[in-house]
Amino acid sequence: MNRGILYISYDGMLEPLGQSQVLAYLERLAPGRRIHLISFEKPRDWNDKKLRDNIGRRIAAAGIRWHPLRYHKSPSAPATALDVAAGTTLAIGLVLRHRIGIVHARSYVPGLMALAAKRATGASFLFDMRGFWADERVDGNLWSAGGRLYRAAKRTERKLLLAADQVVTLTHASETELRGWPYLQGRMPPISVIPTCADLDRFTVQGPPQRDPFVLGYVGSVGTWYLLDEMLRCFVLLQRQKPGARLLIVNRGEHQLIRERLAAAQIGEGTVELTAADHVDVADHINRMSAAMALIKPAYSKIASAATKVGEYLGCGVPCLGTSGVGDMEQVLEGNRVGVALSKWTDGDLEDAVGRLTELAHEDGVQQRCRQAAMDIFSLAHGAQAYAAIYDALGDRR
């Protein structure tokens, strides 16, 4: 039965994240379904008329009804409360007006809107939690452990989990953790693991492996979670093993910081390429890499994280250096022999990991293994199929 679906995202569809991690799924889910989409668009993006028109046409072509709202940033708590109020009002109205049966919330703030819509209308509530948001704020030093904001967020998390008709999380490690939380014992809603997926029609193997010169690469931001200094240490150690090695960093908006850290690590600019790229061009850069990095700060909240870049690296046939204790990364990389997972950070440990990574990158068949692992674990098509199965199951429950 087609009950209609309302998808609520606090990320805007005019942002690359919204396009790759929301819209790309919904385009595959839309045929045969009535889908409405609420998103919160940042004013700078919304003022880009060309971008707005292009994305609007893309959403309309998929048969999705788009209901964009304005995102408010500051002051933080009042701005978020304003967004929640606006989103809740719109969500309840859409559910009632269009007889929508399923409200799909991407993360916690949309979860508040979806929970209100469920209570007001009786629609089923799919809580796509994405990660342990409250704990991530503490681990990222944004909130104090046990502070007022943290306690309030954990109370909200409890309400959302207990009210959900279905929960989606990104990693098997987080599923195991959730099943051990005391208040969920005997009250656990159905839970599915759907990793952050990559568009493997775009992130493909484009040629033979890049081996001479050996290019170590990184794509993405270098802020709170990604360990830039440790990745630069790995490159310094790689240069000792392979004197002609080069470093390729694809990043937007943080080039000054990266240059400062390169200088601190005494890495000559002549061995480094630092560039920016639109998302549509990222695959071309990854295909220039011999191996790639995704070193993430290990923390409790990170057991619930799945880095999109890992799926993109593997989709392009490039082995990866990652971190143990971050989601299912160790199982993915080591279990499929498509990368190396670090658990210790001494120079000796890093040197050993870099040596293993370079050996792996030179193995015959490594491209094919990486590609197959990506297809098995991170395929956007498989992710969309998993969501479709959830929608169908929720449609049968009422």
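Look up: the structure comes first, before these words.
The shown structure was predicted, so the numbers you read here are calculated from the model rather than taken from an experiment.

### A word on the overall build of the protein
In step 1: Looking only at helices and strands, the protein features 16 helices and 13 strands.
In step 2: Here the protein has a C-alpha radius of gyration of 22 Å; the compact-globule value for 398 residues is 21 Å, and the two agree.
In step 3: Expressed along its principal axes, the backbone C-alpha trace of the protein runs to roughly 65 × 45 × 40 Å.
In step 4: When burial is assessed residue by residue, the protein has 53% of its 398 residues classed as buried.
In step 5: Considering only contacts in the protein between residues 6 or more positions apart, those separated by 24 or more positions represent 76%.
In step 6: In the structure as shown, the protein presents an accessible area of about 17200 Å², 50% of it carried by carbon and sulfur atoms.

### Notes on the sheet that holds strand β12 (residues 320-323)
Within a sheet, each strand pairs with its neighbour through backbone hydrogen bonds, oriented either parallel or antiparallel.
In step 1: Read across the sheet, 6 strands follow the order β10-β9-β8-β11-β12-β13 without closing on themselves; strand pairing throughout is parallel. Lying at the two open borders of the sheet, with one neighbouring strand each, are β10 (272-275) and β13 (339-342). Averaged over all adjacent pairs, the angle separating strand axes in this sheet is 20°, with direction ignored.
In step 2: Sheet analysis places strand β8 (residues 215-219) next to strand β11 (residues 291-293), joined by 2 bridges and oriented parallel.

### Regarding the nonpolar core
In step 1: Residues L247, I286, V310, L314 and L321 are the most contacted members of the largest nonpolar core, which totals 67 residues.
In step 2: Here this core gets 7 residues from one element, more than from any other, and that element is helix α9 (residues 228-241).
In step 3: Discounting residues that sit within four places of it in the chain, I286 has contacts with F203, V219, E312, Y313, C316 and V318.
In step 4: Counting 35 residues, the second largest nonpolar core, distinct from the first, contains V109, L115, M129 and L184.

### Describing the sheet that holds strand β3 (residues 65-70)
In step 1: Across the sheet, 7 strands lie side by side as β3-β2-β1-β4-β5-β6-β7; this open sheet has parallel pairing. Two strands bound the open sheet, and with one partner strand each, they are β3 and β7 (191-193). Direction aside, the axes of adjacent strands within the sheet are offset by 20° on average.
In step 2: With 5 bridges connecting them, strand β4 (residues 102-106) and strand β5 (residues 124-128) associate as parallel partners. Within β5, the residue paired with V103 across the bridge is F125.
In step 3: Packing of helix α5 (residues 108-121) onto the sheet brings it into contact with β1 (5-9), β2 (35-41), β4 and β5, and relative to β4 it is tilted by some 160°.

### Topic: the pairing of strand β6 (residues 166-169)
Across a regular strand the side chains alternate sides, sitting on one face of the sheet and then on the other.
In step 1: Burial of β6 is two-sided: the residues Q166 and V168 facing one way and the residues V167 and T169 facing the other way are all buried.
In step 2: Here β6 pairs with β7 via 3 bridges, running parallel. The residue bridging V167 from the neighbouring strand is I191, located in β7.
In step 3: Note that the unit made of β6, helix α8 (residues 172-179) and β7 has a crossover that is right-handed.

### Brief notes about a positive patch on the surface
In step 1: Judged by side-chain charge, R119, R148, R151, R155 and K159 come together as a positively charged surface patch.
In step 2: The dominant element in the positive patch, judged by the number of residues it contributes, is helix α7 (residues 148-163), at 4 residues.

### Some details on helix α3 (residues 49-61)
Residues spaced three or four apart along an α-helix point in a common direction, a consequence of the helix completing one turn every 3.6 residues.
In step 1: The terminal C-alpha atoms of α3 lie 18 Å apart, and with 13 residues this matches the ideal 18 Å at 1.5 Å per residue to within 8%.
In step 2: Following α3 by one or two positions, G63 has its phi on the positive side, about 80°.

### A short note on the packing of aromatic side chains
In step 1: With the rule as written, the count across this model stands at 12 aromatic pairs.
In step 2: Here the aromatic residues Y108, F125, F127, W133 and W143 are joined through ring pairs into a cluster of three or more.
In step 3: Taking the ring centre of Y71 as reference, the NZ or CZ of K42 above it sits at 4.4 Å.
In step 4: One residue, K302, lies across the ring of W225, its end atom 4.3 Å from the ring centre.

### Notes on the state of the cysteines
In step 1: In total, this model carries 0 disulfides according to the counting rule given.
In step 2: Not engaged in a disulfide, the cysteine C316 finds its nearest cysteine sulfur in C370; these two sulfurs lie 10 Å apart.
In step 3: Sulfur of C320: no disulfide; nearest cysteine sulfur belongs to C370 and is 8.9 Å away.
In step 4: Take C320: its relative accessible area is 0%, and that puts it in the buried class.

Each value, and the rule that gives it
Within each chain, residue numbers correspond to sequence positions counted from 1 in written order. pLDDT decides what is reported in this predicted model: residues at 70 or higher carry local features, side-chain atom pairs at 80 or more are listed and counted, and totals for whole chains, interfaces and linings draw on all residues regardless. Side-chain descriptors were evaluated using all non-hydrogen atoms of the structure, hydrogens and water having been removed beforehand. We count a stretch as a helix when DSSP gives it H or I for four or more residues in a row; a strand needs E for two or more, and each element gets its number in order from the N terminus. Computation of the radius of gyration draws on C-alpha atoms, with the globule rule given as 2.2 Å multiplied by the number of residues to the power 0.38. Only protein chains enter the accessibility calculation, which uses a 1.4 Å probe; a residue is then buried when its area is under 20% of its type maximum, exposed when over 50%, and partly exposed in between. Throughout, a residue-residue contact means that at least one pair of heavy atoms, one from each residue, lies within 4.5 Å. Computed by Shrake-Rupley with a 1.4 Å probe, the accessible areas treat only the displayed protein chains as cover when residues are assessed. Pairing between two strands requires that DSSP report at least two bridges joining them. Every axis in this analysis is a line fitted to C-alpha atoms, fitted for helices over the stretch in contact. Angles between the N-to-C directions lie between 0 and 180 degrees. Residues grouped as a nonpolar core are buried Ala, Val, Leu, Ile, Met, Phe, Trp, Tyr and Cys residues, joined through side-chain atoms within 4.5 Å. With strands facing away from the observer, any crossover in which the path from the first strand over the helix to the second runs clockwise is taken as right-handed. Only residues whose relative accessible area exceeds 30% and that form no salt bridge are eligible for patches; like-charged ones are grouped when within 9 Å, while nonpolar side chains (Val, Leu, Ile, Met, Phe, Trp, Tyr) are grouped when within 5 Å. Note on definitions: salt bridges are taken to be side-chain nitrogens of Lys or Arg within 4 Å of carboxyl oxygens of Asp or Glu. Here the positive residues are Lys and Arg and the negative ones are Asp and Glu; neither His nor the chain ends is included. Lysine's charge is taken at NZ, arginine's at CZ, aspartate's at CG and glutamate's at CD. Given the number of residues in a helix, its expected span is that number minus one, multiplied by 1.5 Å. For Phe, Tyr and Trp, where Trp contributes only its six-membered ring, two rings pair if their centres lie within 6.5 Å, and the inter-plane angle classes them as stacked under 30 degrees, edge-to-face over 60, or tilted in between. Two conditions define a charge sitting above a ring: the NZ of Lys or the CZ of Arg must be within 6 Å of the ring centre, and it must be within 35 degrees of the ring normal. Cysteine sulfur atoms that pair up within 2.5 Å are treated as a disulfide.

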